[in-house]
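# Geometric and topological summary
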Amino acid sequence: MNVSDTRLSQIAQRFAELEARLASGTLEGDEFVAASRDYAELEPVAREAAGVAAMRAELAELREMLSDPEMKAMAADDIDRIERELPDAEAKLAVALLPRDSADSRPAMLEIRAGTGGDEAALFAADLFRMYERYASEQGWKVETISANASDIGGFKEVVANVSGQGVFAKLKFESGVHRVQRVPVTESGGRIHTSAATVAVLPEPDEVDVQIDPGDLKIDIYRASGAGGQHVNTTDSAVRITHLPSGIVVTQQDERSQHKNRAKAMQVLRARLYEKMRDEAHGEEAEARKAMVGSGDRSERIRTYNFPQGRVTDHRIGLTLHKLPEVLEGPGLGELVDALIAEDQAKRLAAQNG
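The text that follows walks through the structure, step by step, so that each part is easy to find. A quick note: this is a predicted structure, and the numbers were derived from the prediction, not measured.

## Quick notes on the overall build of the protein
A count of helical and extended segments in the protein gives 10 helices and 11 strands. Counting only residues that meet the buried cut, the protein has 40% of its 355 residues in that class. In the protein, 61% of the contacts between residues at least 6 apart in sequence involve partners at least 24 apart. Accessible surface, the protein: about 18600 Å² in total, of which carbon and sulfur atoms supply 49%.

Written out as structure tokens, the structure is:
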């Protein structure tokens, strides 16, 4: 996509207007927040646009210099250099101009559940959670565990966490799906390789104003918590189950000793699930197009295999295999997979946009 000079000027003008508004000191509250968000979203586009505009302007000046015999040779060399560099700069601008998912800048709710494989699946779910915690730490994000249902041998039957920071959902949204592991379980005495699985769901977390929940649509049950948690948890009616009647979504929370804290966390999870449901319904007509990209994000879709005997990780959607399983599980290697998924998605959306 070749962006016109007029479009470059419009981007520069819009960015200058936002800078002036933010610098004026007259914006407060929601107005300031909205302008700051617009500025953050436009800044990378404006940076790439400014680079392309500068290169095009320099190229035009150099071409005029070709008529000067004394400057012709030098100008020709610079023209060759810019003509080699300009297509890459224009390609980066085209990517920056791709329509953004409105949820990309949001925090995310990360849900991991053990699938087929019993205790081994629960251990793998714990491995995945630690992988995302380490990756989040590298990104400067904060991970807060909302609820965790531990297995008897140290894994997770289910764990839900909030991940907050810059661009969380944009980087984690392609992690939703079935993650499969092939390894010898610690409970296996015969040394046989087993295949187990865990499901991952990454949901963008909305602001309270994005999802209005009518209290009359909620059925709230208070009951005594069960499982690990100590005597206080198990003898106090502190666990909360919230059912959203119109959608049928049920959220339970019992990790906190306080009924009020459990209710607040359950509402946080409910709000995220309702927001994702609203997004799915609003973009229903785009479902097939999304599947044609990197993936639909459907948690029933097998997306990745972690093979311990061969030390490899394969992402089935883009056919990428990395022979660095330990690095992936430690966090740094996951970044390579995330970046590859984002790049593939951008390439396919550019191709679709260009017909």
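## Some remarks on the sheet that holds strand β6 (residues 218-223)
Overall, antiparallel pairing links the 3 strands, which are arranged β6-β7-β8 in an open sheet. Looking along the sheet, the strands with just one partner apiece sit at the ends: β6 and β8 (249-253). Across the sheet, the mean angle separating the axes of adjacent strands is 15 degrees when strand polarity is ignored. In this sheet, β8 lies alongside strand β7 (residues 239-244) in antiparallel orientation, the contact comprising 5 bridges. Each residue of the ladder has a partner; that of Ile-242, found in β8, is Val-251.

## Observations concerning the packing of aromatic side chains
Evaluation of the coordinates by the stated rule reveals 4 aromatic pairs. Ring geometry for Phe-15 and Tyr-39: centres 4.9 Å apart, planes at 20 degrees, overall stacked. Taken together, the positions of Phe-15 in helix α1 (residues 5-24) and Tyr-39 in helix α2 (residues 29-65) put the pair 24 residues apart, joining distant regions of the chain. We classify Tyr-39 as partly exposed; its relative accessible area is 26%. Taking 5.8 Å as the distance between ring centres and 85 degrees as the angle between the ring planes, the aromatic pair formed by Phe-129 and Phe-156 counts as edge-to-face. One end of the pair, Phe-129, is in helix α4 (residues 118-139); the other, Phe-156, is in strand β3 (residues 156-164), and 27 residues separate them in sequence.

Analysis parameters
- Residues numbered from 1 in each chain as written.
- Predicted model: local features only at pLDDT ≥ 70, side-chain atom pairs only at ≥ 80, totals over all residues.
- Heavy atoms only, no water.
- Helix = DSSP H or I, 4+ residues; strand = E, 2+ residues; numbered from the N terminus.
- Buried < 20%, exposed > 50% of the residue type's maximum accessible area, 1.4 Å probe, protein only.
- Contact = heavy atoms within 4.5 Å.
- Areas by Shrake-Rupley, 256 points an atom, 1.4 Å probe, with all protein chains shown as cover.
- Pairing = 2+ DSSP bridges.
- Axes fitted to C-alpha atoms, helices over the stretch in contact; angles between N-to-C directions.
- Phe/Tyr/Trp six-rings, centres within 6.5 Å; stacked < 30°, edge-to-face > 60°.

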